[in-house]
Amino acid sequence: MGDPVSPAGWDKLAYLAVLVLVSTFPVKPAAAGGDATRQQGKEKAFMVQEYRYEPPQGDNGNLDIGQSLCGTRCNAISDNFGSYLKPRNWRLVKIAGGVERSVALDNPFLKGNCICVGDEYLIDWYDPMVPQDRAGAVGKQAQQ
Amino acid sequence: MKRSFGGVLLFVATFLVFVIQPVHAEDRPYQRSIVSLSIPDVVLVNQEGEKVRLRTYLESDLPVAVDFIYATCTTICPILSAGFTNLQRQLGDDSGRFRLVSITIDPEHDSPEIMKDYLDRYRAKQGWDFLTGSRADINRVMEGFDAYFPEKMSHRPLYFVRTGEAGRWVRIEGMVDGQSLLKEIDNTVNK
Amino acid sequence: MKMSEVGWRGSDCIQRLVLTVFLVIGLVGLAGGGAASAGDLSPEEILRQGERMYREGILPSGKPMQAYVSGDIPMEGTSFTCISCHLRSGIGSFEANVATPPTTGLHLYLPRKRTIEGFEHVPSYHKYATYFPPRPAYTDETLGDLIRSGDDPTGRSVLKVMPRYDIDDDDMAILIAYLKTLSPELSPGISKEEIKFATVIGPGVDQVASDSMLVPLEFQVSRKNAQAKTYKNNDRLARMAFNMIGPDLGAKSFSLAKWVLKGPPETWRAQLEEYYRAEPPFALLGGIVNGDWAPIHSFCEDHRLPDLFPITDYPAISDSDWYTLYFSRGIRQEGEAAARYLHGMYDLFSGRNIVQVVRDNREGQALAIGFREAWAKTGHPAPLEVVLKDGEELTPERLRKIASTKNPAALVVWDDDKSLPALASLGDLKEDKPGIVMVSGSFLGQSFWHIPEQARKLIYLTYPYRLPQDEARFDTNIKSILVGKPMADYDQTIIRRSYITGEVLNRALVKMRDQYYRDYLLDVIGMMANAVYPLYEGMTFGPGQRYTVKGCYIVQLGPGEKPQLERRSEWVIQ
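Residues numbered from 1 in each chain as written. Chains lettered and ligands numbered in written order. Predicted model: local features only at pLDDT ≥ 70, side-chain atom pairs only at ≥ 80, totals over all residues. Heavy atoms only, no water.

## Things to note about the sheet that holds strand β7 (residues 164-165) of chain C
Consideration 1: Taking strand neighbours across the sheet as the criterion, the 3 strands line up as β2-β1-β7 (chain C) in an open arrangement whose pairing is antiparallel. In this open sheet, the two edge strands, each paired with only one partner strand, are β2 (73-76) and β7 of chain C.
Consideration 2: Along the sheet, helix α3 (residues 76-91) of chain B contacts β1 (66-69) and β2 of chain C; its crossing angle with β2(C), the most-contacted strand, is approximately 105°. (Pairing = 2+ DSSP bridges. Helix = DSSP H or I, 4+ residues; strand = E, 2+ residues; numbered from the N terminus. Contact = heavy atoms within 4.5 Å. Axes fitted to C-alpha atoms, helices over the stretch in contact; angles between N-to-C directions.)

## Some thoughts on the interface of chain B and chain C
Consideration 1: Residue-level contacts link 43 residues of chain B with 41 residues of chain C.
Consideration 2: Buried surface at the junction of chain B and chain C, summed over both partners, amounts to about 3500 Å²; 55% is from carbon and sulfur atoms.
Consideration 3: Arg123(B) is paired through a salt bridge with Glu76(C); the nearest N and O atoms lie 2.6 Å apart.
Consideration 4: At the surface where chain B touches chain C, the tally comes to 19 residue pairs in polar contact (both at pLDDT 80 or more).
Consideration 5: Residue contributions to the side of chain B that touches chain C peak at 7 residues, all from α3(B).
Consideration 6: When its residues are assigned to classes, the side of chain B that touches chain C shows 13 nonpolar, 16 polar and 14 charged. (Buried area = accessible area lost by both parts, 1.4 Å probe. Salt bridge = Lys/Arg side-chain N within 4 Å of Asp/Glu carboxyl O. Polar contact = N/O pair within 3.5 Å; in protein donor to acceptor, adjacent residues only side chain to side chain. Nonpolar A, V, L, I, M, F, W, Y, C, P; charged D, E, K, R; others polar.)

## Points about helix α11 (residues 268-278) of chain C
Residues and elements named next belong to chain C.
Consideration 1: Every buried residue of α11 is listed here: Trp268, Gln271, Leu272 and Tyr276. Along the axis of α11, the buried residues cluster in a sector spanning 135°; they form a single face. Turned more than 90 degrees off the buried face of α11, the exposed positions are Ala270, Arg277 and Ala278.
Consideration 2: Residues of α11 that are buried sit in contact with β8 (194-201), β9 (253-260), α12 (294-303) and α22 (518-526). (Buried < 20%, exposed > 50% of the residue type's maximum accessible area, 1.4 Å probe, protein only. Arc of directions from axis to C-beta.)

## Looking at the interface of chain C and chain A
Consideration 1: Of the residues lining the interface, 31 residues belong to chain C; the matching set on chain A comes to 28 residues.
Consideration 2: When chain C packs against chain A, the two sides together hide about 2400 Å² of surface, and 55% of this comes from carbon and sulfur.
Consideration 3: Three residues, Leu348(C), Arg473(C) and Arg567(C), lead the burial of chain C against chain A; their summed loss comes to 29% of the area buried on that side.
Consideration 4: Our count for the contact surface shared by chain C and chain A stands at 3 salt bridges.
Consideration 5: Run the count over chain C and chain A and you get 7 residue pairs in polar contact (both at pLDDT 80 or more).
Consideration 6: Counting only elements with at least two residues in the side of chain C that touches chain A, the list comes to α19 (468-471), α20 (475-482) and α21 (492-512) of chain C.
Consideration 7: It is α20(C) that provides the largest number of residues to the side of chain C that touches chain A, a total of 4 residues.
Consideration 8: Tallied by class, the residues present in the side of chain C that touches chain A amount to 10 nonpolar, 8 polar and 13 charged.

## A look at the packing of aromatic side chains
Residue and element names in this part refer to chain C.
Consideration 1: In the structure shown here, the tally under the stated rule is 30 aromatic pairs over all chains.
Consideration 2: Ring centres of Trp259 and Tyr275 lie 5.6 Å apart, and the angle between their planes is 5°; this geometry places the pair in the stacked category. Of this pair, Trp259 sits in strand β9 while Tyr275 is found in helix α11, placing the two residues 16 residues apart along the sequence.
Consideration 3: The class of Tyr275 is partly exposed, set by a relative accessible area of 27%.
Consideration 4: Relative to Phe299, the ring of Trp259 lies with its centre 6.2 Å away and its plane at 70°, an arrangement referred to as edge-to-face. Of this pair, Trp259 sits in strand β9 while Phe299 sits in helix α12, and the two are 40 residues apart along the sequence. Phe299 carries the same exposure label as Trp259, and that label is buried.
Consideration 5: A connected cluster of aromatic rings, assembled from ring pairs, spans Phe309, Phe327, Phe448, Trp449, Tyr463, Tyr465 and Tyr536.
Consideration 6: Lying over the aromatic face of Tyr547, Arg329 brings its terminal NZ or CZ to 5.6 Å of the ring centre. (Phe/Tyr/Trp six-rings, centres within 6.5 Å; stacked < 30°, edge-to-face > 60°. Lys NZ or Arg CZ within 6 Å of the ring centre and 35° of its normal.)

## Comments concerning the layout of surface pockets
Consideration 1: Empty space within the second largest pocket amounts to approximately 1600 Å³.
Consideration 2: Around the second largest pocket, the lining is made up of 46 residues, and of these Asn80(A), Phe81(A), Arg135(B), Asn139(B) and Tyr148(B) lie nearest the centre.
Consideration 3: In terms of residue count, helix α5 (residues 135-144) of chain B provides more of the lining of the second largest pocket than any other element does, 6 residues in total.
Consideration 4: The residue inventory of the lining of the second largest pocket, partitioned by class, reads 19 nonpolar, 13 polar and 14 charged.
Consideration 5: When residues are assigned to domains, the lining of the second largest pocket turns out to be shared by domain 2 (194-328 + 471-543) and domain 3 (332-463 + 554-573) of chain C, each giving three or more. (1 Å grid on protein atoms, 1.4 Å probe; cavity = no way out; pocket = protein on both sides within 12 Å on 5 of 7 lines; lining within 4 Å. Points joined across faces, edges and corners; volume = space filled by probe spheres on them. Domains from an automatic or database assignment.)

## Points about unusual backbone geometry
Residues other than glycine predominantly adopt negative phi, and peptide bonds predominantly adopt the trans conformation.
Consideration 1: In this structure, Ser70(C) is a non-glycine residue whose phi angle is positive, near 45°.
Consideration 2: As for its position among the elements, Ser70(C) is in the loop between β1 and β2.

## Comments concerning α21(C)
Residue and element names in this part refer to chain C.
Consideration 1: Taking 1.5 Å of rise per residue, 21 residues should cover 30 Å, and α21 covers 31 Å from first to last C-alpha, within 8% of that figure.
Consideration 2: Most of α21 sits inside the fold, with 15 of its 21 residues counted as buried.
Consideration 3: Between a side-chain oxygen at the N-terminus of α21 and the backbone nitrogen of Thr493 the separation is 3.0 Å; the capping residue is Asp491.
Consideration 4: One or two steps after α21, the chain reaches Arg513, where phi turns positive at roughly 50°. (Expected span 1.5 Å × (residues − 1).)

## What to know about the environment of Gly155(C)
Consideration 1: Structurally, Gly155(C) can be placed in the loop between α7 (140-149) and β7.
Consideration 2: Distance from Gly155(C) to Ala241(C), taken between C-alpha atoms, is 37 Å for residues 86 residues apart in sequence.

## Overview of the nonpolar core
Consideration 1: Ranked by internal contacts, the top residues of the largest apolar core, which has 137 residues, are Leu58(B), Val66(B), Phe68(B), Phe145(B), Trp169(B) and Leu342(C).
Consideration 2: At 8 residues, the largest contribution of residues to this core is made by α3(B).
Consideration 3: Both domain 1 (12-179) and domain 3 (332-463 + 554-573) of chain C contribute no fewer than three residues apiece to this core.
Consideration 4: For Phe145(B), the contacting residues outside a window of four places in its chain are Leu37(B), Ile39(B), Leu58(B), Val66(B), Phe68(B), Phe160(B) and Trp169(B).
Consideration 5: One finds Ala283(C), Ile311(C), Leu565(C) and Trp571(C) within the second-largest nonpolar core, a separate group that totals 82 residues. (Core = buried A, V, L, I, M, F, W, Y, C linked by side-chain atoms within 4.5 Å.)

## Considerations on a nonpolar patch on the surface
Residue and element names in this part refer to chain A.
Consideration 1: On the surface, Trp10, Leu13, Leu16 and Leu19 cluster together into a nonpolar patch covering about 440 Å² of accessible area.
Consideration 2: Within the element layout of this structure, Leu16 appears in helix α1 (residues 7-23).
Consideration 3: Leu16 gets classed as partly exposed once you look at its relative accessible area, which sits at 48%. (Patch = residues over 30% accessible without salt bridge, like charges linked within 9 Å, V, L, I, M, F, W, Y side chains within 5 Å. Areas by Shrake-Rupley, 256 points an atom, 1.4 Å probe, with all protein chains shown as cover.)

Here it is as structure tokens:
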């Protein structure tokens, strides 16, 4: 090792400086708006598989229309696969199946609850340029 | 040695040419199997705009045949529907004895009005209903019949005929002539 | 003979001559063939009757055509016509694993080869040509045999999906004469080097709006032209393009003419005719005017000129017109969705009325018509209506009076943002509250975000797009065609619509495989698979379907200071 002020020493310092500089670069290049859109909205998506109407206690007079309106209610809260998978940089990771969510039917003319049964997915923003563990991605591989 | 190898090759080639022909499924005789199905409990809408709770509707006492079509379909559906027209004609005044159910795989487009027009074009009589619903529910019905087509253009010609046993259906795939279809349905009645 | 060359390589004139000769021979044959009735008909009448057989399945006598399918199943021509599988252009289709070959004179009267001569790994005329075995050219006689018995000139029996028709000689001659006129030559606006497109811009259209329409279309044009230049300079790439996207699409450039209209709508037709005469395009892309699209719609119908996705809230509504493909039925579709949503719970209304309050202007009337007509189909009693004259204020007192005197189960209010205080005041009602209040998200505009919390459970909105929180994810797709220009400079819905037009056009051109016929463009789009697009939660295609977006959400505002929209219905309500 020579005197740091000598030319050989300057070379080593230069390399060290470059190393330090490079190590301050972010690991994932931030895509335009990526972080911002990632913070928006919710963490989980819910895809309804089936539904049933729970009438109020002792009131079984409107079971068929209740089932129909619960269909609308549960289908409405169900998320749409395509709207996650088509835009770039988004994917869904299945985290639970057969989850029951009870929501009030919320119809001004009919009381009761709807049990919406479905699968839960994690909404994940990712950079396709960075190697990912694809095993968790939604798709046929993820279905049990 | 070489000669027999050549002979085997010739045999295999001939076998391939004559047995595995590049014809479509539709040219082969239709395929028939018995399947177990679980019908989802969804509420669909018929050509009169009335709600139909599918599970109870298909579990009726009447013999039931189901197919999957859509109103602007080009090739396969007209054949399936002509099959239903023919069936109803053969049954004559008894057409109401059978429950023929066509379920749309294009629920976005096929409204009650459009379905009614379709049934009129096929001279449908009492006993043949056409059902639509939400996209999610229609997908569930297709999955229930193990006949899910992610894209309506790639659907297959299918009839389902309910047998006497709970949850068991005859699945008919391919082009089936009028006599055979009538026989399949008659068989389920006589069981 | 290469299909791609037939249109213009010197054999253009010869081809036209050949077809004219066919037609003349065919017609002379009819006249001189001892068929007294056919011989009396003019060429126009023969073609009209032939078209009726092909498109509607009706014989010249007025009776339906008779046929058999699947062997023994009788079928009337009215249920299943030639156009069903062979499509309007006659080029054929592929659906459910059944490939339907072309039935145009051009294809029938030439021998069929599987691939293009000289390029034996490239399927000819469409991707599924490899399914069809080679055959010699048809003659009038062998074609008649095929239609009756299903046997082609090689003796092969075609699939039983093809009906076997029971047609007499006279009618057969008329049908065959018509087939010879199907897509006989490539459409105007197509040359070896270029495909010409045009777009329409009406008077008084906001600059931001027209730029928002143009930018995505011009992106498609400039990208295609850059690609064409590359293929001209690089043989290997050109060959790859040839194999993948068709014989000549790679090398073609696009151009997009702007047809700028001036003055009142009554004068537009003449201007359109002038533009068309000067340079007929292959198709119109997009287009934007203030007000009704009808004048351009009729122009396109008369010239058989496709128009893909004009930007309009007031499309022409027709069950049978063919040449304009719309995004949706416009703002009236929100009225239709509201009616269907209420119909779903009508049985719970216990006989109570529906009241429709309508602002008497273009938007209000369109919404009301949509609601009224969809409601009429349900068979329920018609809604009571209250009309607000243009300029008349909808005060909270007025609206509350309507609610209390008519006691509706559902109160439908088609009005703009000035009605917000009145709507909000309904939330304070203790008695005589309607069960549901339905309003239009588009008509209210951005003001709906200010619906106060106490009214949010009562008020339902029609919202004709994917929800904002989901639509935000599609920004990346849109940015890709802006090439650095800031998205905020543009109208967000118009730029997305135009983006969709570009995508659909690309897909369609690739599928056409050098069969550049206007009718075939629309046939191909009708057969396209559904896909996910920005802006609309669902766009679906189908043969003959001319309104691709059939849906509209019913939503409510969620809780909190920065509420989100929450869905209360599916996208398409049946």
